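Summary of the model geometry
Given next are the chains, with one letter for each unit.
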Amino acid sequence: MSANIRYWIWLAEALGYGASFKEIIQEYGSAERLYNANILEWRMSPVITAKQIEGLARTDISVADKIISQCDENNWDIIDFEDERYPERLKEIHNPPAVLYVDGTLPDIDNTAVIGVVGARKASRYAVKATRLMSNGLAQAGALIVSGAALGVDSAAHMGAIDACKQTVGVLGCGFGSGYLLSNEELRNMISHAGALITEYPPYTKASKTTFPMRNRIISGLSVGVLVTEAGVKSGSLITATLALQEGKDVFAIPSSILDVNFLGTNKLIDDGAYVATSPYSVVNVYSDRFSSIDITKAKSVAELAEEARKNSESANAENEADALTFDSISQGRRERVRNQELSAGLTGDERKVYFALDDTLMNIDSIITKSELDSSRVAVALTKLEVKGLVSSASGRRYKQS
């Protein structure tokens, strides 16, 4: 931690998260000098607003001491704006965080081709698979995957990097220890061990509707390019892509069906000039001359990555299915898929919400509740009905998947 960490935390708490402070620091020289100035000097400043003066005046330095103590107790690191570890790339955005709280080890952002991966939380099976494979391939080729450590596309992006045994960074829209999205806690632990979790929010700050848009600017700010894998026309992912474009970053989009409303935003990005991302090579090739970490000879095709993933699968079910690939079993499997497609197309209400919250990987009950946005009793009833119809199968530990 830098010697002035207390004053940077005080500044963040006084002005609010996402506030623009660069002009203020340019005038005063440092957060410490700003703190040591009196209220009369603040009022005479042409760059400090009356509302900001109120925040500076009412915020006591003791709030910073409490936060530092909480981080020390939990081995959470703090990187302030003048710390040499603070990414220069992030400093360039209009309103960078005054402080970053870190769980893990923040990689060398400035000398790395960082690809921010964004998409829907309630992602389609296509988006999840495409994201995981693309992220795996990008990581193997030397890119650093950054995402939001949430469900859906975020989880697939981080897991793709972890599959490649590479670092990854998760940007949270809450403080450490807040208890948000406990169903994804295991993944967040994996991210912190494989790289870092970061947030601008102090410990125990709860997530809200305002914290996630603020989180998105950090994902964009850390990245040289943003990959959008599934987005509707009014999604947060499009907001992140717009931020990236405004900051002069590259935007990539994975193409999909023009008939699916969940991909209208992604396809519109392509219409508006985004790079079409059909393979890891189509992304990393843009940066091969700028970053020594990129090795385009390691950029595998999606087909190669899919085959690699299949071979590396430790699932007993996958092994059994591979052993049973006879002509009859393939035909039977095709008939079952057609039947399930027809049945699922007619689902309504809670059953439809729960079914499409699932995919072909086992998911625990908490994740299903989160993705379906239904309470536990309604999810349990819907799962029972879906199992009776043969659309859902279960495993130990109250885990479920599409049949």
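Structural notes, computed from the coordinates. (Residues numbered from 1 in each chain as written. Predicted model: local features only at pLDDT ≥ 70, side-chain atom pairs only at ≥ 80, totals over all residues. Heavy atoms only, no water.)

1. Observations concerning the overall build of the chain
Each helix and strand in the chain was counted, giving 20 helices and 12 strands. In terms of overall dimensions, the chain is globule-like: its C-alpha atoms have a radius of gyration of 23 Å, near the 22 Å expected for 403 residues. Over its C-alpha atoms, taken along the principal directions, the chain stretches across nearly 85 × 50 × 40 Å. Counting over 403 residues, the chain shows a buried share of 50%. For the chain, the share of sequence-separated contacts (at least 6 apart) that also reach a separation of at least 24 residues comes to 69%. Summing over all exposed atoms, the chain offers an accessible surface of approximately 19,500 Å²; the carbon and sulfur share of this is 50%. Each charge class in the chain was averaged separately, 42 positive and 51 negative side chains, and the resulting centres sit 6 Å apart. (Helix = DSSP H or I, 4+ residues; strand = E, 2+ residues; numbered from the N terminus. Rg over C-alpha atoms; globule rule 2.2 N^0.38 Å. Buried < 20%, exposed > 50% of the residue type's maximum accessible area, 1.4 Å probe, protein only. Contact = heavy atoms within 4.5 Å. Areas by Shrake-Rupley, 256 points an atom, 1.4 Å probe, with all protein chains shown as cover. Lys, Arg positive; Asp, Glu negative; His and termini not counted. Charge placed at Lys NZ, Arg CZ, Asp CG, Glu CD.)

2. Details of the pairing of strand 3 (residues 114-119)
In terms of burial, strand 3 is a largely internal element, six of the six residues being buried. The side-chain alternation of strand 3 yields two buried faces, one formed by Val114, Gly116 and Val118 and the other by Ile115, Val117 and Gly119. Traced from strand 3 through helix 8 (residues 125-140) to strand 4 (residues 144-147), the parallel crossover comes out right-handed. As defined by bridge partners, strand 3 adjoins strand 7 (residues 225-230) across five bridges and the pair is classed as parallel. (Right-handed = clockwise from strand over helix to strand, strands pointing away. Pairing = 2+ DSSP bridges.)

3. Structural notes on the sheet that holds strand 10 (residues 363-364)
An order of 10-12-11 is seen for the three strands of this open sheet, with the pairing classed as antiparallel. Pairing within the sheet leaves two strands with one partner each, and these edge strands are strand 10 and strand 11 (392-395). Across four bridges, strand 11 lies against strand 12 (residues 399-402) in antiparallel orientation. In the sheet register, Ala395 faces strand 12, and the bridge partner there is Arg399. Across the sheet, helix 20 (residues 376-388) lies against strand 11 and strand 12, angled at about 110° from strand 11, the strand it touches most. (Axes fitted to C-alpha atoms, helices over the stretch in contact; angles between N-to-C directions.)

4. What to know about the layout of surface pockets
When its volume is computed, the second largest pocket comes out at roughly 300 Å³. Of all the secondary structure elements, the ones that give two or more residues to the lining of the second largest pocket are helix 10 (185-194) and helix 11 (211-222). Of all the elements, helix 10 adds the most residues to the lining of the second largest pocket, at three residues. Here the residues of the lining of the second largest pocket are counted per class, giving 10 nonpolar, seven polar and four charged. (1 Å grid on protein atoms, 1.4 Å probe; cavity = no way out; pocket = protein on both sides within 12 Å on 5 of 7 lines; lining within 4 Å. Points joined across faces, edges and corners; volume = space filled by probe spheres on them. Nonpolar A, V, L, I, M, F, W, Y, C, P; charged D, E, K, R; others polar.)

5. Digging into empty space enclosed by the protein
Applying the stated criterion to the full structure yields one cavity of 30 Å³ or more. Volume-wise, the largest cavity comes out at about 80 Å³. Every residue lining the largest cavity is counted, 14 residues in all, and those nearest its centre are Ala12, Gly16, Tyr17, Gly18 and Ala98. Per-element accounting of the lining of the largest cavity gives the leading share, three residues, to helix 1 (residues 5-15). For the lining of the largest cavity, a count of residues per class yields 10 nonpolar, two polar and two charged.

6. Points about the sheet that holds strand 4
Pairing in this open sheet of nine strands is mixed, and the strands run 1-2-6-5-4-3-7-8-9 from one edge to the other. Strand pairing shows two members of the sheet lacking a second neighbour, strand 1 (77-80) and strand 9 (275-276), which therefore form its edges. Pairing geometry for strand 1 and strand 2 (residues 99-104), over four bridges, is antiparallel. The residue of strand 2 that forms the bridge with Ile78 is Tyr101. The sheet strands contacting helix 10 are strand 2, strand 5 (168-171) and strand 6 (196-199), and the helix crosses strand 6 at an angle near 105°.

7. Brief notes about the packing of helix 11 against helix 12 (residues 236-246)
Taken N-terminus to C-terminus, the directions of helix 11 and helix 12 make an angle of 45°; their axes are 9 Å apart at the nearest point. Between helix 11 and helix 12, the angle falls in the class oblique. Crossing hand, helix 11 versus helix 12: right-handed. Only Gly236, Thr240, Leu243 and Ala244 of helix 12 make contact with helix 11, whose side of the interface consists of Asn216, Arg217 and Ser220. The residue makeup of the contact of helix 11 with helix 12, split by class, is two nonpolar, four polar and one charged. (Parallel < 35°, antiparallel > 145°, perpendicular 65-115°, else oblique. Left-handed = near helix turned anticlockwise from the far one by under 90°.)

8. Some details on helix 1
Taking burial as the measure, the 11 residues of helix 1 include nine buried ones, the bulk of the element. The complete set of buried residues in helix 1 reads Ile5, Tyr7, Trp8, Ile9, Trp10, Leu11, Ala12, Ala14 and Leu15. Downstream of helix 1 by a residue or two, Gly16 has a phi angle that is positive, lying close to 100°.

9. Here's the deal with helix 12
Burial in helix 12 covers these residues: Ser237, Leu238, Thr240, Ala241 and Ala244. Around the axis of helix 12, the buried residues are gathered within 155° of arc, so they sit on the same side. Buried residues in helix 12 make contact with strand 3, helix 11, strand 7, strand 8 (250-253) and helix 13 (264-271). With its phi angle positive at about 80°, Gly248 sits one or two positions after the end of helix 12. (Arc of directions from axis to C-beta.)

Shape descriptors only; they carry no functional weight alone.
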